[in-house]
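Spelled out, the chains give:
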Amino acid sequence: MSDPDAVAKAFTDHYYNTFDTNRAGLQSLYQEQSMLTFEGQKYMGPAQVMQKLTSLPFQACQHRVSSLDAQPSMSGGILVFVTGQLLPEGETNPLKFSQTFHLVPVGGSFVVSNGELN
């Protein structure tokens, strides 16, 4: 099995860089059965997840990861928990965020099976 910490670090670096610069590019990380819970609302599949992520009230932003924890799951996946700050473009006060990903192996890489964002 891949090192969960290394996979989590590489995945979150890619995820947040893509989120910050080309949010639509995140679509390939979600499958039809992927689910995102965003502040209590559930979104299923890449179309719904991307509709939510691209409709946020800011287009450009910068994520600053404060902590990153990872552990292997029984499914061969990796559970990832991230905390940090999100700074929308033009703002001076960052927002705190926490995000959980359940990553599952598909075709030699990992995709998001489930995620929560607060």
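What counts as what
Residues numbered from 1 in each chain as written. Predicted model: local features only at pLDDT ≥ 70, side-chain atom pairs only at ≥ 80, totals over all residues. Heavy atoms only, no water. Phe/Tyr/Trp six-rings, centres within 6.5 Å; stacked < 30°, edge-to-face > 60°. Helix = DSSP H or I, 4+ residues; strand = E, 2+ residues; numbered from the N terminus. Buried < 20%, exposed > 50% of the residue type's maximum accessible area, 1.4 Å probe, protein only. Core = buried A, V, L, I, M, F, W, Y, C linked by side-chain atoms within 4.5 Å. Contact = heavy atoms within 4.5 Å. Polar contact = N/O pair within 3.5 Å; in protein donor to acceptor, adjacent residues only side chain to side chain.

## Some words on the packing of aromatic side chains
Link 1 in the chain: Within the structure shown, the criterion is met by 7 aromatic pairs.
Link 2 in the chain: For the ring pair Tyr15 and Phe19, a centre distance of 6.4 Å and an interplane angle of 35° mean the geometry is tilted. Of this pair, Tyr15 and Phe19 both sit in helix α1 (residues 4-21), 4 residues apart, roughly one helical turn. In this pair, the class of Tyr15 matches that of Phe19, namely buried.

## Looking at the nonpolar core
As a rule of thumb, soluble globular proteins bury nonpolar side chains together.
Link 1 in the chain: Core analysis: the largest hydrophobic core is formed by 28 residues, its most contacted members being Tyr15, Phe19, Leu26, Tyr30, Leu53, Phe101 and Leu103.
Link 2 in the chain: Mapped onto this core, the elements with two or more residues apiece are α1, β1 (30-38), α2 (45-54), β4 (78-88), β5 (95-106) and β6 (109-117).
Link 3 in the chain: When residues of this core are assigned to their parent elements, the largest contribution, 6 residues, is made by α1.
Link 4 in the chain: Contact partners of Phe101, with chain neighbours within four places excluded, come to Phe11, Thr12, Tyr15, Tyr16, Ile78, Leu79, Val80, Val82, Val112, Asn114 and Gly115.

## Some remarks on the side chain of Ser34
Link 1 in the chain: Relative to the assigned elements, Ser34 resides in strand β1.
Link 2 in the chain: A polar atom in the side chain of Ser34 sits 2.7 Å from the backbone nitrogen of Gln31.
Link 3 in the chain: Of the polar contacts made by the side chain of Ser34, one reaches the backbone oxygen of Val112; its length is 2.5 Å.
Link 4 in the chain: Setting aside residues up to four positions removed in sequence, Ser34 forms contacts with Tyr43, Met44, Gly45, Val112 and Ser113.

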